[in-house]
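So the chains spell out like this:
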Amino acid sequence: MSLHDDAVLVLKGYEDQEELRQTYLDHLSAHPDGMWKACHAGHVTASALVVDPSRGQVLLTLHRKLRMWLQMGGHCEPGDVSLEAAALREATEESGIAGLTMLPGGPVRLDRHPIPAPCHWHFDVQYAALAPAGTVAAISDESLDLRWFPYDEVADVADDSVVRLLEATRARL
């Protein structure tokens, strides 16, 4: 099975955001390369909100290019066997945390957002990753900063997409 096929399967089973889910499926149907960064009409990305439920905190990265506090995530790569694997790889690379585990139940949310040219849209499939107890994060080259935020401070630093992802993640915990 290809990463494209995995995306279609994941999206077909993700019905609570029906209109957005259909937009993703239409995009993939119209753009065979819609999984990859080279698709300038937009492409699927995978992200993960790194959570430490025992401390009531999330780890956010100050994105180097966008200069916004966001969850870890990015582009799918040919070696990724699934969207979940891509999200876990990105979360591990960007957080420096070994031993992250994905929150059971598949993606937490879908989010589509505009991005600077040459591409137009990111079709983000959002997961949550659980950090091992006592973990230490390390800033990657993609970040200006990396910081743990208590749940109740996320809305003060991050955009609505991150806030909605945190709310949906907390509902699953």
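Residues numbered from 1 in each chain as written. Predicted model: local features only at pLDDT ≥ 70, side-chain atom pairs only at ≥ 80, totals over all residues. Heavy atoms only, no water.

### Re the pattern of salt bridges
Okay, so step 1: All chains considered together, the criterion is met by 8 salt bridges.
Okay, so step 2: Linking R55 and D52 is a salt bridge whose minimum nitrogen-to-oxygen distance equals 2.8 Å.
Okay, so step 3: One salt bridge connects R89 with D80, and the closest N-O pair in it is separated by 2.8 Å.
Okay, so step 4: On the basis of relative accessibility, which here comes to 16%, the residue R89 falls in the buried class. (Salt bridge = Lys/Arg side-chain N within 4 Å of Asp/Glu carboxyl O. Buried < 20%, exposed > 50% of the residue type's maximum accessible area, 1.4 Å probe, protein only.)

### Regarding the packing of aromatic side chains
Okay, so step 1: Applying the stated criterion to the full structure yields 2 aromatic pairs.
Okay, so step 2: Measuring from centroid to centroid gives 5.2 Å for Y24 and F123, while their planes differ by 85°, and the two rings are edge-to-face. One end of the pair, Y24, is in helix α2 (residues 18–30); the other, F123, is in strand β7 (residues 121–130), with 99 residues separating them in the sequence. The pair Y24 / F123 is uniform in exposure class, with both members buried. (Phe/Tyr/Trp six-rings, centres within 6.5 Å; stacked < 30°, edge-to-face > 60°. Helix = DSSP H or I, 4+ residues; strand = E, 2+ residues; numbered from the N terminus.)

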